[in-house]
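# Chains, contacts and geometry: an overview
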Amino acid sequence: LGQSNYATPYTFTTLAGNNGYGSADGTNSTARFASDEGVTVDSAGNIYVADYENDTIRKVTLAGVVTTIAGLAGSPGSADGTNSAARLSNPSAVAVDHAGNVFVSDQDNDTIREMTLVGTNWVVTTIAGLAGQSGSANGTGSAARFNSPTDVGVDTNSNVYVADYFNDTIRKVARVGANWVVTTIAGLAGSSGST
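Residues numbered from 1 in each chain as written. Predicted model: local features only at pLDDT ≥ 70, side-chain atom pairs only at ≥ 80, totals over all residues. Heavy atoms only, no water.

## Observations regarding the environment of Asp80
Following the sequence through the fold, Asp80 ends up in the loop between β5 (65-70) and β6 (81-82). Spatially, the C-alpha atom of Asp80 lies 18 Å from that of Phe146, the residues being 66 residues apart in sequence. Look past the residues within four positions of Asp80 in its chain and what remains in contact with it is Ala85, Ala86, Arg113, Val124, Thr125 and Thr126. (Helix = DSSP H or I, 4+ residues; strand = E, 2+ residues; numbered from the N terminus. Contact = heavy atoms within 4.5 Å.)

This is how it looks when you write it as C-alpha cells:
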C-alpha cells in the first residue's frame with residue numbers, strides 16, 4: 001500500500017549494514033552482519049544486535065557506528081569472558097535493562113547470558129542454563145535447563161523473560177541475592193497447544 005494510506009508517512013533508511021554477508025565493524029554501509037536476529041535499544045538510543053550466524057553481539061550507535069562487543073565471528077562456543085574472549089553460539093535475541101546490562105538468549109547453548117559494561121569492556125557471564133545440556137528444569141543458575149531459547153525480554157525490575165522455543169513455555173529468570181532463579185510461568189514443557 002502507498003504511504004498515502006497512513007496518517008503519518010514513514011521514511012525508511014539503512015542505519016548500518018548493506019547488501020552482503022559478513023562480520024565487518026564500521027560506519028553505516030561499511031558494516032556487515034550475518035543473519036541479525038534480535039535487536040534492542042538502550043536509554044541513550046544505542047542499538048544492540050544479536051548477530052546470529054556470526055555468534056556475536058554488536059552495538060550500533062545513533063551515528064551508525066558498528067562495533068562487536070562480545071564474541072568472535074566464526075568462533076562459536078560457550079565460554080564466559082570479556083569482549084572477544086567470550087563465546088556465543090547462535091545468539092538469537094537481546095534485551096537491555098534500566099542499568100544498561102544486556103541479556104542474551106544464547107540459543108544453541110541453551111543458556112541465558114548477561115553482559116555487563118565494566119569500564120570500556122563488556123563482561124559476559126552465563127546466568128542460567130548449562131551449555132550443551134538442554135531440558136526444561138526450573139532451578140538456580142546452571143541447574144536450570146532450557147531448550148533452544150529464542151527470545152528474551154526484561155522488565156523494570158530486571159527480571160528476564162524467555163521464550164523457551166522447544167519447550168513451548170515462557171520462563172522467568174529472577175535475581176535472588178547473587179543467584180538467578182528460573183521458573184516456568186506459562187505453558188507446560190512437552191505439551192504444545194493453544195489453550
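So that's the structure; there's more coming.
## Examining the packing of aromatic side chains
Going through the model one piece at a time under the given rule, you end up with 3 aromatic pairs. A centroid spacing of 5.9 Å and a plane angle of 70° characterise the contact between Tyr48 and Trp122, whose relative ring orientation is edge-to-face. A residue pair is termed long-range when its members are at least 10 positions apart, and Tyr48 in strand β3 (residues 47-51) and Trp122 in strand β10 (residues 121-128) qualify at 74 residues. Residue class for Tyr48 comes out buried when judged on its relative accessible area of 3%. For the ring pair Tyr165 and Phe166, a centre distance of 4.8 Å and an interplane angle of 65° mean the geometry is edge-to-face. Positioned over the ring face of Phe33 is Arg58, at 4.8 Å from the centre of the ring. (Phe/Tyr/Trp six-rings, centres within 6.5 Å; stacked < 30°, edge-to-face > 60°. Buried < 20%, exposed > 50% of the residue type's maximum accessible area, 1.4 Å probe, protein only. Lys NZ or Arg CZ within 6 Å of the ring centre and 35° of its normal.)

## Examining the pairing of strand β15 (residues 179-186)
Across 2 bridges, the pairing between strand β11 (residues 139-140) and β15 is antiparallel. Looking at the pairing, Thr140 lines up with Val181 of β15. Here 7 bridges tie strand β14 (residues 169-176) to β15, and the two strands are oriented antiparallel to one another. Residue pairing across strands places Arg171 opposite Thr184, the latter belonging to β15. (Pairing = 2+ DSSP bridges.)

## Re the sheet that holds strand β4 (residues 56-60)
For sheets, the rule is that strands pair by backbone hydrogen bonds, running either parallel or antiparallel. The strand order across the open sheet formed by 5 strands is β1-β5-β4-β3-β2, and the pairing between neighbours is antiparallel. Lying at the two open borders of the sheet, with one neighbouring strand each, are β1 (26-27) and β2 (36-41). Alignment of β4 against β5, held across 4 bridges, turns out to be antiparallel. In the sheet register, Arg58 faces β5, and the bridge partner there is Thr68.

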